[in-house]
Each structure stands twice: as structure tokens, then as C-alpha cells.
Amino acid sequence: MALLEVESVVRSYGGVRAVDDVSVQIDAGEWVAVIGPNGAGKSTLFNLLGGQVKPNSGTVRLAGRNINRLEPHARYGLGVARSFQISSLFPDLTVREHLTLACREKHRWNLARTWRGDRELQARVDEMLDLWGLDRDRDHALPALLSYGEQRRLELALAVASKPRLLLLDEPNVGLTAAECDDLLARLRALGPDPAVVFVAHDMDMVLGWATRILVMHQGGLLADGPPEEIANNPFVEEVYLGATGTTTA
Ligand SMILES: Nc1ncnc2c1ncn2[C@@H]1O[C@H](COP(=O)(O)OP(=O)(O)OP(=O)(O)O)[C@@H](O)[C@H]1O
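Residues numbered from 1 in each chain as written. Predicted model: local features only at pLDDT ≥ 70, side-chain atom pairs only at ≥ 80, totals over all residues. Heavy atoms only, no water.

With that out of the way, let us pick up the pattern of salt bridges. Counted by the stated rule, this structure contains 14 salt bridges. A salt bridge links Asp126 to Arg96, with the nearest nitrogen and oxygen atoms 2.5 Å apart. In this pair, Asp126 is assigned in helix H4 (residues 115–131) and Arg96 in helix H3 (residues 95–106), connecting sequence segments 30 residues apart. For the pair shown, Asp126 and Arg96 are each scored as buried. Put simply, Asp183 and Arg187 hold a salt bridge, and the shortest N to O gap is 2.9 Å. Of this pair, Asp183 and Arg187 both sit in helix H6 (residues 178–189), 4 residues apart, which is roughly one turn of the helix. Bridged by salt links that share partners, the residues Arg96, Asp126, Asp130, Arg136 and Asp139 form one connected network. (Salt bridge = Lys/Arg side-chain N within 4 Å of Asp/Glu carboxyl O. Helix = DSSP H or I, 4+ residues; strand = E, 2+ residues; numbered from the N terminus. Buried < 20%, exposed > 50% of the residue type's maximum accessible area, 1.4 Å probe, protein only.)

Take the pairing of strand E2 (residues 16–26) next. Looking along a regular strand, one sees the side chains alternate between the two faces of the sheet. Strand direction decides the pairing type here: strand E1 (residues 4–13) and E2, joined by 8 bridges, are antiparallel. Note that in E2 the partner of Leu4 across the bridge is Ile26. Between E1 and the antiparallel strand that follows it, E2, lie 2 residues; Gly14 among them carries a positive phi value of about 60 degrees. (Pairing = 2+ DSSP bridges.)

If you trace the 6 strands from one edge of the open sheet to the other, you get E6-E7-E8-E3-E9-E10, paired in mixed fashion. For this open sheet the edge positions go to strand E6 (80–83) and strand E10 (221–226), each flanked by a neighbour on one side alone. Averaged over all pairs of adjacent strands, the angle between strand axes in this sheet comes to 20 degrees, irrespective of strand direction. Both E6 and strand E7 (residues 166–170) contribute to a ladder of 4 bridges, which runs parallel. Note that in E7 the partner of Ala81 across the bridge is Leu167. (Axes fitted to C-alpha atoms, helices over the stretch in contact; angles between N-to-C directions.)

A word on the site of the ligand. Around the ligand lies a shell formed by Tyr13, Val16, Ala18, Pro37, Asn38, Gly39, Ala40, Gly41, Lys42, Ser43, Thr44 and His202. Taking Thr44, its side chain carries an N or O atom lying 2.6 Å from an oxygen atom of the ligand. Look at the ligand: alone it shows 630 Å² of surface, and the protein chains cover 57% of it. For the shell around the ligand, the secondary-structure elements that each account for two or more residues are E2 and helix H1 (42–50). Among the elements that line the shell around the ligand, the one with the most residues is H1, at 3 residues. When grouped by side-chain class, the residues that make up the shell around the ligand number 5 nonpolar, 6 polar and 1 charged. (Near = heavy atom within 4 Å. Polar contact = N/O pair within 3.5 Å; in protein donor to acceptor, adjacent residues only side chain to side chain. Areas by Shrake-Rupley, 256 points an atom, 1.4 Å probe, with all protein chains shown as cover. Nonpolar A, V, L, I, M, F, W, Y, C, P; charged D, E, K, R; others polar.)

So, on to the domain arrangement of the protein. How large an interface is tends to be reported as the accessible area lost when its parts come together. Under the domain assignment used here, the protein contains domain 1 (1–79 + 163–250) and domain 2 (91–162). Between domain 1 and domain 2, the C-alpha centre-to-centre distance is 27 Å. If you look at the interface, domain 1 gives 18 residues, while domain 2 gives 18 residues. Between domain 1 and domain 2 the total buried area reaches about 1400 Å² when both faces are included, carbon and sulfur atoms providing 62% of it. (Domains from an automatic or database assignment. Contact = heavy atoms within 4.5 Å. Buried area = accessible area lost by both parts, 1.4 Å probe.)

The following block contains the structure:
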């Protein structure tokens, strides 16, 4: 059974079929890019996976369970985590407080406010600070004092704190230099082979570097689905892209 099964999903807005009868299965460990011209339905499909949007018809399943009607926080509890393109950090919480909340969310059972529970939680927070290259000596800084790159790393650390099975990344490279983008990829890969990663991106260099599989959307449907080499050489994809945008980016 695939980790994620999307079956004949439709989501309309008025007369517009933003996602039009899309079916796709994603296995653990896959890195799947969702690309397509503006208005193709990428964000809507992404929101259908995260639970921010519900389908009009069709089914979204996680490990065999129908999650159609589950809200984002319930999906989070089942292992679906998401990063957002806009900053999701709280201006008045420190770096450590952010991470403590994120780690606590998953380990609520261990939160008997015991000394041991708190020590374990803070040890996990220390581990996350190290994994994501955030300075332990500055863990009491507010987000505004972090560099942009540090803020993005903190946001991703929060998304993965729950050790998700399915990680949804919305344009994870926006605003980052090529070197920062490579650094981010290395940190995400260090999470291990298990999580499936689905990401929306417009930068084709980044897409071809990160993805093991690419879904191309066009007018709400899936135009193509395959490995990067195949998609990069698909003349139909090129035509839609070049026709729609006049560039080699989505
Ligand atoms: N909340 C909404 N209300 C009305 N129409 C919407 C809504 N969300 C999406 N749409 C429409 O659905 C279609 C698909 O939009 P969507 O944002 O999913 O595309 P996209 O591929 O993510 O585009 P972009 O790359 O520009 O973000 C578009 O025609 C859009 O106008």
C-alpha cells in the first residue's frame, strides 16, 4: 500500500475546477515536486494534502486511512507536516520556545510536567538546534533577530519536529541563495530515507536537483508524472511551459 493515495480528487471554485480528477500514489521515501504554470492547481492540490482545503469528491488516504475530512492538526497527529511560504513564526516566542512547543506537541503523553519529561524534551530541543544549525547560545533570541536563512531553518525544524511520514514543503527555496538551498537539502536528507517529501517549486534547477519524481499539473489535471530525466525531455511539458510562461521556470 502506498503511503499517500489520492484518488479521483476534484476541488472546484465556482465554475473553475482547480483540481480536476487527480489520482496519484506516493510511497515513503519519494521526493515529489509539483510543478506547472500559474493557475495549474498546484497550491490547491497541496492544500488538499495538508487539509487546508477539502475535496468536493474523491478520496485522500494516508496509510490506507481516509483523511478527507480531517483538519490540518489532526493530519499532523497522523504524520503530515507542512511548511509555509510565508513566515509562520510567532514574533514573541524565542527560538527555544518555538521548538519546545513543536516537540511537546508530539510527545504530549510524556508531558506530565515531570523533571524527567522536561529534561527529555529539552534534550530533544538541543538536538533540533544542532541538526538545523541554530546556535544554542542564541536560543533565547526572538525570530526578528535571526537572519532570513536561520528563520527558514527554524520553520523547517518546526515542521519536522514531529518526525512526519509526509512532509509538505511550499516553495522551500524562496529567498535562499543556492548554497543555502543545498544546505537545506542536506539537512532534510539527514532526516533519513523514510519520510515522503512533496514540494511545490518554480525553480526548475532546484526541482531537478531535489526531486526523484515530478508531477506536472496543467488546468487542474495531471499532465505528466515521472522521473526528472523523463519530464525534462517531455516535449508536451516543454510546450505547455514555454507556451504558458515563456521561460523555463514554472
Ligand atoms: N480560494 C479560491 N477561490 C477561488 N478560486 C480559486 C481559489 N483557489 C484557487 N482558485 C483558482 O483555482 C485555479 C488553480 O489555482 P491554484 O492556486 O491552485 O494554482 P497554482 O498552480 O498554485 O498557481 P500559482 O503558481 O499561480 O500559485 C486558479 O484558476 C485559481 O484562480
